[in-house]
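# Descriptive analysis of the structure
So the chains spell out like this:
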Amino acid sequence: LEDGTLVSTYSGRINDSGSFTESSGVFVSTDGGNSWEDRSDPKMTRWTKDIHISQSSGDWFVGVFSHWGAFPNEVGGLYRSQDQGLTWEVLGDFYRVESCLEWYGNMYVTTETEGLWYAYNVNVPNPNFNLLTEFPFSHPTRVFMNPYAIDKLEFWVTSFGSGVWHGYDFSDNTTS
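This text gives an overview of the structure that appears in the document. The written sequence of each chain sets the order in which its residues are numbered from 1. Given that this is a predicted model, residues contribute local features only at a pLDDT of at least 70 and side-chain atom pairs are listed and counted only at 80 or more, while totals for whole chains, interfaces and linings are drawn from all residues. Side-chain figures throughout are based on the complete set of non-hydrogen atoms in the structure, without hydrogens or water.

### Quick notes on the overall build of the protein
How we decide: Strands here are runs of E lasting at least two residues and helices are runs of H or I lasting at least four, both read from the DSSP assignment and numbered beginning at the N terminus. Throughout, radius of gyration means the C-alpha value; the globule benchmark is 2.2 Å times the number of residues raised to the power 0.38. Partly exposed residues are those whose accessible area sits between 20% and 50% of the maximum for their type, while under 20% is buried and over 50% is exposed, using a 1.4 Å probe and protein chains only. Throughout, a residue-residue contact means that at least one pair of heavy atoms, one from each residue, lies within 4.5 Å. Here the open area of atoms and residues is found with the Shrake-Rupley method and a 1.4 Å probe, where only the protein chains shown may cover a residue. Counting rule for charge: Lys and Arg are taken as positive, Asp and Glu as negative, and neither His nor the chain ends is counted. Charge placement uses NZ in Lys and CZ in Arg. For Asp and Glu, CG and CD serve respectively.
Within the protein, the secondary structure is distributed over 0 helices and 14 strands. Along the protein, helices (α) and strands (β) appear in the sequence β-β-β-β-β-β-β-β-β-β-β-β-β-β when read from the amino end. The globule rule puts the C-alpha radius of gyration for 176 residues at 16 Å, and the 16 Å found for the protein is close to it. Projected onto its principal axes, the C-alpha coordinates of the protein cover approximately 45 × 40 × 30 Å. With 176 residues in all, the protein has 46% of them scored as buried. Across the protein, the fraction of contacts at a sequence separation of at least 24, relative to all contacts at a separation of at least 6, is 38%. Here the protein has roughly 9300 Å² of accessible surface; of this, 50% comes from carbon and sulfur atoms. Measuring between centres, the 9 positive side-chain charges of the protein sit 6 Å from its 23 negative side-chain charges.

### Regarding the side chain of Thr141
Locating Thr141 in the fold gives a position in strand S12 (residues 140–145). Excluding anything up to four places from it in sequence, Thr141 contacts Glu98, Ser99, Thr110, Thr158, Ser159 and Phe160.

### Quick word on the sheet that holds strand S13 (residues 155–159)
Note the cut-off: The rule for pairing is simple: two strands pair if DSSP sees at least two bridges between them. Angles here are taken between N-to-C directions and fall from 0 to 180 degrees, while the axes themselves are lines fitted to C-alpha atoms, restricted in helices to the stretch in contact.
On the basis of which strands lie adjacent, the open sheet formed by 3 strands has the order S12-S13-S14 and antiparallel pairing. Each of the sheet's edge strands pairs with one partner strand only, and the pair in question is S12 and strand S14 (164–167). Across this sheet, the average inter-strand angle for adjacent strands is 20 degrees, counted without regard to direction. Looking at chain direction, S13 and S14 are connected through 4 bridges and run antiparallel. Residue pairing across strands places Trp156 opposite His166, the latter belonging to S14.

### Thoughts on the environment of Ser162
Its location among the elements puts Ser162 in the loop between S13 and S14. A relative accessible area of 24% places Ser162 in the partly exposed class. Placed 108 residues apart in sequence, Ser162 and Ser54 show a C-alpha to C-alpha distance of 28 Å.

### Here's the deal with the environment of Arg80
Mapped onto the elements of the fold, Arg80 is located in strand S6 (residues 77–81). Since its relative accessible area comes to 2%, Arg80 is described here as buried. Taking the C-alpha atoms as reference points, Arg80 and Ile51, 29 residues apart in sequence, are found 9.7 Å from one another. The contacts of Arg80, once residues within four sequence positions are left out, are Asp59, Trp60, Phe61, Thr87, Trp88, Glu89, Leu91, Val122, Asn123, Val124, Pro125 and Pro127.

### Comments concerning the environment of Gly32
Structurally, Gly32 is set in the loop between strand S2 (25–29) and strand S3 (37–38). Taking the C-alpha atoms as reference points, Gly32 and Gly12, separated by 20 residues in sequence, lie 23 Å from one another.

### Overview of the packing of aromatic side chains
Note the following rule: Pairing of aromatic side chains here covers Phe, Tyr and the six-membered ring of Trp, requires ring centres within 6.5 Å, and sorts the geometry by plane angle: under 30 degrees stacked, over 60 edge-to-face, intermediate tilted. Two limits define a charge over a ring: the Lys NZ or Arg CZ must be within 6 Å of the ring centre, and within 35 degrees of the ring normal.
Enumeration over the complete set of coordinates arrives at 6 aromatic pairs. Between Tyr118 and Tyr120, the aromatic rings sit 5.0 Å apart at their centres with planes inclined by 65 degrees, giving edge-to-face as the arrangement. A network of ring pairs unites the aromatic residues Phe94, Trp117 and Phe129 as a single cluster. The ring of Phe65 has Lys49 lying over it, and the distance from NZ or CZ to the ring centre is 4.6 Å.

### Points about the pattern of salt bridges
Convention followed: Salt bridges are counted wherever a side-chain nitrogen of Lys or Arg sits within 4 Å of a carboxyl oxygen of Asp or Glu.
Evaluated as defined, the whole model comprises 7 salt bridges. One salt bridge connects Asp50 with Arg142, and the closest N-O pair in it is separated by 2.6 Å. On the criterion of sequence distance, the pair formed by Asp50 in strand S4 (residues 48–53) and Arg142 in strand S12 is long-range, its members being 92 residues apart. Across the salt bridge formed by Glu89 and Arg80, the nearest N and O atoms sit 2.8 Å from each other. According to the relative accessible area criterion, Glu89 is partly exposed, its value standing at 27%. Shared partners join several salt bridges into a network, and the residues in it are Lys49, Asp50, Glu98 and Arg142.

Okay, structure coming up:
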């Protein structure tokens, strides 16, 4: 962060019995990584994925997978914190979120089996997420935007099994 604070996610580990350990989550360090404070929601402790910190609002967005093994299992989704991880809320109705990207108030969410989703204004209390039907693959993993693109939104989407996709605007059907 601008004040030198480090923010990181740590994903789950599976123990010898096949269950996830409760070591996953969102962690903050204010001393250059010498010590870490756990800022996780209790539902993030087994399989937290990526964090995205909005440049426009400062909100933290975290992708979490539902896990197997120990109860409760159905805790995956897109989480948002507006106070640097002190409190969290779940956005949308997603089962397993890989990652997300907020770009000028718009949110793009990658999921394991539900495809690529977007919301045009993620800064409202309950953003409306829509499936991007033009993206033909069910397991996108990351979305990257070109910060130097001036005329049009240029993006890349990586996937689990379908390569890297490139496009210029989610709404103009030019994804290839």
